[in-house]
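Here is how the chains run, residue by residue.
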Amino acid sequence: MSTSPGSSHLARWRARLVSVEAAALSGVLFAVLYLGSLLLGREGVAGFDEDPSQVADRIAAGEGRDELLTGYVLAPFAAIAFVWFVAVVRRRIPADERFVTTVFIGGSTIFVALYLTAMSVVAGPHYVESQQDVSFLEPQTLLSLQAVTYGLLFVVAPRIQVLVILAATATGRRHGVIPGWLVVVSYLIAGIQLINFTLFEPLLFLFPLWVATVGPVLVRHRRLEPRSPAVGLDAT
């Protein structure tokens, strides 16, 4: 039975979208968009050392609002890139690694939910104000919303990121996919994320940089057993 040129072309594109190269690209794209959204969002966040009158002036002047809303717009695209990365990696985890797969998928899902919630909490009210041309944000309310966002990004999300890192590292190490240096770096990052309770902002860079590193490593080490004869790191 012959295959039409159209179906062959579609099959090639499908193979590319689920290839390890796609994982590498989506991982790097996630890192860029995620960090971009956080850095831009930071420009629109009032300092906790500012008094209410300074915060009120910031709100009235719309200081940093455009940057914050740009970061808010980038957030869903960062989440999509991360989900694509997770889907491609998960497709290559052997079928007998059910526990690791559950931890990996569960942790990834919770992380995306926390990230989007944090961005929505801090940027959502500004978005509504910009669309409705009204001003209803009070300084204390704004600072409270920012505190919730900081709690999600600095306290809750990093512990969930540890699940993703440990699950991927454990199965990658067991199957010889992740080299020793990356295993050490992964455990080091997981340890830092687990014990840190400060607001040291550069630590937010650790997880996206780890994701951006894992993808290219998978391209170089195609050794995970396929879930089916048509699936595996050797598949294009």
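As shown above, the structure is provided for reference.
The text that follows walks through the structure, step by step, so that each part is easy to find. Because the structure is a prediction, the values reported are computed rather than measured. (Residues numbered from 1 in each chain as written. Predicted model: local features only at pLDDT ≥ 70, side-chain atom pairs only at ≥ 80, totals over all residues. Heavy atoms only, no water.)

Further remarks concern the overall build of the protein chain. Each helix and strand in the protein chain was counted, giving eight helices and zero strands. Expressed as a percentage of its 236 residues, the buried residues of the protein chain come to 47%. Of the contacts formed within the protein chain by residues at least 6 apart in sequence, a portion of 81% connects residues at least 24 apart. Surface accessibility of the protein chain: about 12,100 Å² in total, with carbon and sulfur atoms responsible for 66%. (Helix = DSSP H or I, 4+ residues; strand = E, 2+ residues; numbered from the N terminus. Buried < 20%, exposed > 50% of the residue type's maximum accessible area, 1.4 Å probe, protein only. Contact = heavy atoms within 4.5 Å. Areas by Shrake-Rupley, 256 points an atom, 1.4 Å probe, with all protein chains shown as cover.)

On to the side chain of E97. Note that E97 resides in the loop between α4 (65-91) and α5 (98-132). Not counting residues up to four positions away in its chain, the partners in contact with E97 are T171, R174 and H175.

Okay, the packing of aromatic side chains next. To describe a pair of aromatic rings, one takes the distance between the centres and the angle between the planes. All told, the structure shown has 14 aromatic pairs when counted by the stated rule. For the pair Y72 and Y127, a centre-to-centre distance of 6.4 Å together with 70 degrees between the ring planes defines the contact as edge-to-face. Of this pair, Y72 sits in helix α4 while Y127 sits in helix α5, and the two are 55 residues apart along the sequence. Residue class for Y72 comes out partly exposed when judged on its relative accessible area of 23%. Under the relative-accessibility criterion, Y127 is labelled partly exposed at 42%. Cluster of aromatic residues (ring-pair linked, three or more members): F30, Y34, F82, F85, F111, Y115, F207 and W210. In this structure, R159 is placed above the aromatic ring of F197, and the distance from its NZ or CZ to the ring centre is 3.9 Å. (Phe/Tyr/Trp six-rings, centres within 6.5 Å; stacked < 30°, edge-to-face > 60°. Lys NZ or Arg CZ within 6 Å of the ring centre and 35° of its normal.)

Below, the discussion takes up the nonpolar core. Judged by nonpolar contacts, the single largest core of 52 residues is most densely connected at F30, F82, F111, F207 and W210. Element by element, the count of residues in this core is highest for helix α6 (residues 139-174), at eleven residues. Setting aside residues up to four positions removed in sequence, F207 forms contacts with F30, F82, F111, Q161, V164, I165 and Q193. (Core = buried A, V, L, I, M, F, W, Y, C linked by side-chain atoms within 4.5 Å.)

The end-to-end C-alpha distance of helix α7 (residues 180-195) is 23 Å, a good match for the 22 Å that 16 residues give at a rise of 1.5 Å each. Taken together, the buried positions of α7 are occupied by L182, V183, S186, I189, A190 and Q193. When α7 is viewed along its axis, its buried side chains cluster within an angular range of 130 degrees and face the same direction. Exposed side of α7, more than 90 degrees from the buried face: W181, V184, L188 and I195 are the residues found there. (Expected span 1.5 Å × (residues − 1). Arc of directions from axis to C-beta.)

A separate point is the pattern of salt bridges. Under the counting rule described, the total for this entry stands at two salt bridges. A salt bridge links E201 to R42, with the nearest nitrogen and oxygen atoms 2.8 Å apart. Of the two residues, E201 sits in the loop between α7 and α8 (206-220) while R42 sits in helix α2 (residues 20-43), which places them 159 residues apart along the sequence. We classify R42 as partly exposed; its relative accessible area is 33%. Among the salt bridges present, the one from E97 reaches R174, with a minimum N-O distance of 2.9 Å. Within this pair, whereas E97 is found in the loop between α4 and α5, its partner R174 is found in helix α6, the two being separated by 77 residues in sequence. (Salt bridge = Lys/Arg side-chain N within 4 Å of Asp/Glu carboxyl O.)

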